[in-house]
Amino acid sequence: MSDPAKTRRHAERIRELVASLVREIKDPRLGMLTVTDARITGDLREATVFYTVLGDTTEQASTAAALESAKGMLRTRVGHALKLRHSPSLTFVLDNVQTHVKEIDDLLTEARNRDQEVQRLAAGAKYAGDADPYKSDDDEAGDEPERVGAREEG
């Protein structure tokens, strides 16, 4: 098992290598592809490459098929570039960024609408009682409260 710093460096290098090697794939099914992240196990045997595709679900499916067919070539080239004894097996995972962005935008819009509704309801609201329920009539007259247990001098 390698140290975590070495694992991170290898994962970053795999991300860069796959991103550059994808340009060399001549498969017409390959769409507009961006490699977003890569992770590798501690024993450097299995790597997961996250990618996103610009387009609809049919383009995403055809790009996934193109990557699966080019997996052997990519694995060999990555293994040689990293100078590892065993080339890591590559697994490609679609990182659907557009869907996540839309979900976050929808949640922010919903929160903004709820805040506006709360502000609208609060604009005409009044206190149920006095504004300061702890204020007493004695405080207004300026009298000091009596001290408990004070001695009378005499």
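None of these values were measured; they are calculated from a predicted model.

Trainee: Before we go on, may I ask you to explain the sheet that holds strand E3 (residues 89-94) in this structure?
Mentor: Pairing between the strands of a sheet is mediated by backbone hydrogen bonds and can be parallel or antiparallel. One open sheet accounts for three strands, arranged E1-E2-E3; its pairing is mixed. The outermost strands of the open sheet, each flanked by one partner alone, are strand E1 (32-40) and E3. For this sheet the average axis-to-axis angle between neighbouring strands, irrespective of direction, equals 30 degrees. Two elements, E1 and strand E2 (residues 46-54), share eight bridges in a ladder whose sense is antiparallel. Paired with Ala38 across the strands is Val49, a residue of E2. Strands in contact with helix H1 (residues 4-21) are E1, E2 and E3; relative to E1, the strand with the most contacts, it is inclined by about 160 degrees.

Trainee: Looking at this model, I keep getting lost on the environment of Thr36. Mind explaining?
Mentor: As for its placement among the helices and strands, Thr36 is situated in strand E1. By relative accessible area, which is 31% here, Thr36 ends up partly exposed. For Thr36 and Val49, which are 13 residues apart along the polypeptide, the C-alpha to C-alpha distance reads 7.9 Å. Setting aside chain neighbours within four positions, we find Thr36 in contact with Arg15, Phe50, Tyr51, Thr52 and Asp95. Of note is the side chain of Thr36, whose polar atom sits 3.1 Å from the side chain of Asp95.

Trainee: Would you take a moment to explain the pairing of E2 for this structure?
Mentor: Here is the key point about a regular strand: its side chains alternate between the two faces of the sheet. Counting the residues in the hairpin turn of E1 and E2 gives five residues, including Leu44, whose phi is positive at 60 degrees. Relative to E3, E2 runs parallel, the two sharing six bridges. Across the sheet, residue Val49 finds its bridge partner in E3, namely Phe92.

Trainee: Help me understand the packing of aromatic side chains in this model?
Mentor: To describe a pair of aromatic rings, you give the distance between the ring centres and the angle between the ring planes. In the structure shown here, the tally under the stated rule is one aromatic pair. Ring centres of Tyr51 and Phe92 lie 6.4 Å apart, and the angle between their planes is 70 degrees; on these two criteria the pair is classed as edge-to-face. Residue Tyr51 is found in strand E2, and its partner Phe92 is found in strand E3; the two are separated by 41 residues along the sequence. The class for Phe92 is buried, based on a relative accessible area of 12%.

Trainee: Just to check I follow, could you spell out helix H2 (residues 57-69) for this structure?
Mentor: Owing to its 3.6 residues per turn, the α-helix aligns residues three or four sequence positions apart on the same side. Taking 1.5 Å per residue as the helical rise, H2 with its 13 residues ought to reach 18 Å, and the 18 Å between its terminal C-alpha atoms agrees with that figure. Taken residue by residue, H2 has Gln60, Thr63, Ala66 and Leu67 as its buried positions. Buried residues of H2, viewed axially, fall in a sector of 125 degrees; they line one side. Residues of H2 that are exposed and point over 90 degrees away from its buried face: Thr57, Thr58 and Ser69. If you follow the buried residues of H2, they end up packed against E1, E2, helix H3 (71-82) and E3.

The rules behind the values
- Residues numbered from 1 in each chain as written.
- Predicted model: local features only at pLDDT ≥ 70, side-chain atom pairs only at ≥ 80, totals over all residues.
- Heavy atoms only, no water.
- Pairing = 2+ DSSP bridges.
- Helix = DSSP H or I, 4+ residues; strand = E, 2+ residues; numbered from the N terminus.
- Axes fitted to C-alpha atoms, helices over the stretch in contact; angles between N-to-C directions.
- Contact = heavy atoms within 4.5 Å.
- Buried < 20%, exposed > 50% of the residue type's maximum accessible area, 1.4 Å probe, protein only.
- Polar contact = N/O pair within 3.5 Å; in protein donor to acceptor, adjacent residues only side chain to side chain.
- Phe/Tyr/Trp six-rings, centres within 6.5 Å; stacked < 30°, edge-to-face > 60°.
- Expected span 1.5 Å × (residues − 1).
- Arc of directions from axis to C-beta.

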